[in-house]
Amino acid sequence: MTDRSLTTVLGFDFGTRNIGVASGQVITRTATALPSLKARDGIPDWQQIEELINEWRPDAVVVGIPLNMDGSESDMSRRARKFGNRIHGRWALPFYPADETDVF
């Protein structure tokens, strides 16, 4: 994520029952955890996501992609990527997948 026009991003940690959310500031390189969202069998409440987007007005969204240790896709990584693509499609926000294996 090197686009200099980005200032605020919303980060999502997709899960089938809970979806973690954080607001990040690119300039200060800080993030603030927000209350997690409930999901039902991996289906989020899209109204809640719309409210977050309207409140925070992010320039982009980041979604953690839980790849297997060998870098291959898992069912959960495919679902997380689909979630990010749906946000991109609904709100025309750039979607940046974040490889969660790079955390350590």
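Look a little higher up for the structure.
Remember, predicted model here, so these are calculated numbers, not experimental data. (Residues numbered from 1 in each chain as written. Predicted model: local features only at pLDDT ≥ 70, side-chain atom pairs only at ≥ 80, totals over all residues. Heavy atoms only, no water.)

> Hey, could you run me through the overall build of the protein chain in this one?
For the protein chain, the count of helices and strands is 2 helices and 6 strands. Traced from its N-terminal end to its C-terminal end, the protein chain shows the element sequence β-β-β-β-α-β-α-β. Scaling as 2.2 N^0.38, a compact globule of 104 residues should have a C-alpha radius of gyration of about 13 Å, and the protein chain matches this with 13 Å. Each of the three principal axes of the protein chain carries a C-alpha extent, and together these read 30 × 30 × 25 Å. Relative to its 104 residues, the protein chain shows a buried fraction of 37%. Pairs at least 24 residues apart make up 53% of the contacts formed inside the protein chain by residues separated by at least 6 positions. For the protein chain, the computed accessible surface area is about 6700 Å², with 50% contributed by carbon and sulfur atoms. (Helix = DSSP H or I, 4+ residues; strand = E, 2+ residues; numbered from the N terminus. Rg over C-alpha atoms; globule rule 2.2 N^0.38 Å. Buried < 20%, exposed > 50% of the residue type's maximum accessible area, 1.4 Å probe, protein only. Contact = heavy atoms within 4.5 Å. Areas by Shrake-Rupley, 256 points an atom, 1.4 Å probe, with all protein chains shown as cover.)

> Help me understand the sheet that holds strand 1 (residues 8–13), please; the structure alone is not making it clear to me.
Strands in a sheet are paired, the pairing made by backbone hydrogen bonds, and the direction either parallel or antiparallel. On the basis of which strands lie adjacent, the open sheet formed by 6 strands has the order 4-3-2-1-5-6 and mixed pairing. What marks the edges here is a single partner per strand, and that holds for strand 4 (43–44) and strand 6 (95–99). On top of the sheet, helix 2 (residues 75–91) reaches strand 1, strand 2 (18–25), strand 4, strand 5 (60–65) and strand 6; it is set at about 170° to strand 5, its chief contact. (Pairing = 2+ DSSP bridges. Axes fitted to C-alpha atoms, helices over the stretch in contact; angles between N-to-C directions.)

> Mind showing me how you'd approach helix 1 (residues 46–56) here?
Note: α-helices contain 3.6 residues per turn, so residues at a spacing of three or four share the same orientation. By the burial criterion, the buried members of helix 1 are Trp-46, Ile-49, Leu-52 and Ile-53. Burial along helix 1 is one-sided: seen end-on, the buried residues are contained in an arc of 115°. At its buried positions, helix 1 is contacted by strand 1, strand 2, strand 3 (30–40), strand 4 and helix 2. Where helix 1 starts, the residue carrying a side-chain oxygen 3.0 Å from the main-chain nitrogen of Gln-47 turns out to be Asp-45. Trailing helix 1 by a residue or two, Arg-57 shows a phi angle of about 50°, which is positive. (Arc of directions from axis to C-beta. Polar contact = N/O pair within 3.5 Å; in protein donor to acceptor, adjacent residues only side chain to side chain.)

> Can you help me understand helix 2 in this one?
Its 17 residues place the ends of helix 2 25 Å apart at the C-alpha level, agreeing with the 24 Å of an ideal helix rising 1.5 Å per residue. Turning to helix 2, its buried residues number three or more, namely Ser-77, Ala-80, Phe-83, Gly-84, Ile-87 and Trp-91. In an axial view of helix 2, the angular spread of the buried residues amounts to 120°, which keeps them on one side of the axis. Each element contacted by the buried residues of helix 2 is listed here: strand 1, strand 2, strand 4, helix 1, strand 5 and strand 6. A positive backbone phi angle near 55° is found at Ala-92, which sits one or two residues after helix 2. (Expected span 1.5 Å × (residues − 1).)

> Any chance you could explain the packing of aromatic side chains here in plain terms?
Two descriptors summarise a pair of aromatic rings, namely the distance from one centre to the other and the angle between the planes of the rings. A complete count under the given rule lists 4 aromatic pairs for this structure. Ring-pair connections join several aromatic residues into one group, and the members of that group are Phe-12, Phe-14, Trp-46, Phe-83 and Trp-91. Its end group placed over the ring of Trp-46, Arg-90 keeps NZ or CZ at 4.1 Å from the ring centre. (Phe/Tyr/Trp six-rings, centres within 6.5 Å; stacked < 30°, edge-to-face > 60°. Lys NZ or Arg CZ within 6 Å of the ring centre and 35° of its normal.)

> Sorry if this is basic, but what is going on with the pairing of strand 6 here?
The side chains of a regular strand alternate, residue by residue, between the two faces of the sheet. Sheet analysis places strand 5 next to strand 6, joined by 5 bridges and oriented parallel. Bridging across to strand 6, Ile-65 finds its partner in Asp-99. Each parallel crossover has a hand, and for strand 5 linked through helix 2 to strand 6 it is right-handed. (Right-handed = clockwise from strand over helix to strand, strands pointing away.)

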